[in-house]
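Residue-level structure breakdown
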Amino acid sequence: MAEPLLPLNSTVVWAALAARRRSLASRNLAELFATDPGRVERRTYEVGDLVIDASKHWVDDATQASLDDLAIDRGVAEALAAMWAGERINPTEGRAAAHVALRLPAGERFDVDGVDVSGDVHAALDHAAHLAQRLRSGEWTGASGQRITHVVNLGIGGSHLGPAMVHAALTPFADGPEVRFVSNVDGAALADALIGLEPATTCFIVCSKTFTTSETLANARSARSWIVDALGADAVAAHFVAVSTALDEVASFGIDPANAVGFWDWVGGRFSLWSAVGLSVMVAVGPDRFRELLAGAHVVDEHVRTAPVEHNAAVQLALLRVWYSGHWDAAAHAVVPYAARLSLLSAHLQQLEMESLGKSVRADGRPVEGHHTGQVVFGTPGTDGQHAYFQLLHQGTRFVPMDLIGFGHGGDELAGHHDLLLANLLGQAAALAFGRSADELVAAGVAVDDVPHRTFAGGRPTTTILAPSLTPSVLGQIVALYEHTTYVQAVLWGIDAFDQFGVELGKARATDLLPALASGAPIDTDPSTRALLERLRGWRAQR
Ligand code: F6P
């Protein structure tokens, strides 16, 4: 039997890292650069089209050695090998997590539980591509024979965030029907999305891994009524497509099985955008562009699969997260893309990381003790973020490491803005790392009383990720990098990255409360919830 994993905080390497933290307390980042001329080259990773500058971090050679020891000690190489071996790396649900199989080139074998899934993966991809192509070409017509001009994706969580994020990022490549996204069960979301749409020319994609998610099914039922009211019950088949692992549930809902694309329980919701869950993206940009996205992710997969931990970008980025969380009290991590079209990236990464890493019980059932897991992930595109929360990041008391993402070329529109955008990215990273000292201010003639308020301590670490431009392939590379970084963090912390039991209790409570809210049925609940419920019922009774 395998030895139980030691609690992280009782390992020798954790103690070594604690000592490194103490020794770095009296230093600053400028000094780390000054004493280490090769620092930028050594701490920059080049993976596919990505240039990942991790030089502005609190890592000297001794710290790096301990971080690498930590990866070896916690079995990161073995855990990565287990992912590509299709092993059940989601032990609490007894499943593999084999999203890397979704971006494998055709003809390459990938075994899940000893069975090659590559044929099924490519058959489903081809099926989705065929549906997308029919919608794009106009071959697919609605019940009244008209071409489909608008497609609305109904899904939530992983069945929404990934495709919505990719769709927004790839706007310049969109040449198919207009695609809209609805996730929230708030009726306003669907109502707003339907503004200007005609039932005769609208097709819905109901995207749900389980096909039991209440928000998605409520939206799907309302969308079905919208179609049926205008076009009759027989119109459903021509206006609904489904993507799900539960094809029997799809059929019970009334969607033609020929218009449903499946995927598998070894694809986690937040890792599913590479499957037919990306159908809406395929409709917008075409299957070829979608395949470029997959190919980009595969480039990063190959790096992560083959590079030794010391040179493995995903492992090194994960080690930095654990280093800062465990020894620098970093409760949050900001992701700031200097690209307006990546406006949904941090929302996608928020689910990816927080649903994967928000655990206080280890994969082996023992409690997580003596350290935190996961971080609050947030962000908005730069430069917007600079005028919102950057004050806290520059001068606040909290320590918030960041990723800044930028591209050599922007879009074709107003290209003259791009230098200003990139200058902000570089300027922010430098200001965060190196600050502005009191001496500098005094030398510049700043009044003594003003100096403390205008001083920047610096020492705020960032990783800068650059690529030539935001193409489907580059986007695939970026997202795959974050996926692997998330998995490796879970391995380091000893938790299961692929379950999400924490979302269930709130859903169950909502189900209990629904009859009380809808029909005034009595409910046995806590005094605060009862008082709030009664207040809401009172208002609702007045209308
Ligand atoms: O938020 C919980 C969750 O289960 C996510 O993991 C998932 O992506 C989302 O709900 C949607 O689930 P489904 O695709 O089954 O509708």
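Read on for an overview of the structure.

Calculation rules
- Residues numbered from 1 in each chain as written.
- Predicted model: local features only at pLDDT ≥ 70, side-chain atom pairs only at ≥ 80, totals over all residues.
- Heavy atoms only, no water.
- Pairing = 2+ DSSP bridges.
- Helix = DSSP H or I, 4+ residues; strand = E, 2+ residues; numbered from the N terminus.
- Axes fitted to C-alpha atoms, helices over the stretch in contact; angles between N-to-C directions.
- Contact = heavy atoms within 4.5 Å.
- Parallel < 35°, antiparallel > 145°, perpendicular 65-115°, else oblique.
- Left-handed = near helix turned anticlockwise from the far one by under 90°.
- Core = buried A, V, L, I, M, F, W, Y, C linked by side-chain atoms within 4.5 Å.
- Buried < 20%, exposed > 50% of the residue type's maximum accessible area, 1.4 Å probe, protein only.

**Re the sheet that holds strand E5 (residues 150-154)**
Strand order in the open sheet formed by five strands is E6-E5-E7-E8-E9, and the pairing between neighbours is parallel. Every interior strand has two partners, whereas the edge strands, strand E6 (178-182) and strand E9 (260-262), have only one. Shown here is a sheet whose adjacent strand axes are inclined to one another by a mean of 20°, direction ignored. Summarising the sheet, E5 and strand E7 (residues 202-207) pair through five bridges and their orientation is parallel. Bridge assignment links leucine 154 to a residue of E7, and that residue is valine 206. Of the strands in this sheet, E5, E6, E7 and strand E8 (240-244) touch helix H9 (residues 214-231), which is tilted by about 160° from E7.

**Looking at the packing of helix H15 (residues 345-357) against helix H20 (residues 472-493)**
Running from N to C, H15 and H20 cross one another at 20°; their axes reach a closest spacing of 10 Å. When the axis of H15 is compared with that of H20, the two are roughly parallel. When you trace H15 past H20, the crossing you get is right-handed. Contact residues: H15 offers Leu345, His348, Leu349, Leu352, Glu353, Ser356 and Leu357, while H20 offers Val479, Tyr482, Glu483, Thr486, Gln489, Ala490 and Trp493.

**Observations regarding the nonpolar core**
One finds Trp266, Trp323 and Leu475 to be the most contacted residues of the largest nonpolar core, which totals 125 residues. A per-element tally of this core places H20 first, with 13 residues. For tryptophan 266, the residues in contact, after removing those within four places along its chain, are Ala96, Ala97, Ala98, His99, Ala101, Leu102, Val112, Val117 and Val121. Membership of the second largest hydrophobic core comes to 23 residues, among which are Phe204, Ala220, Val236 and Val250.

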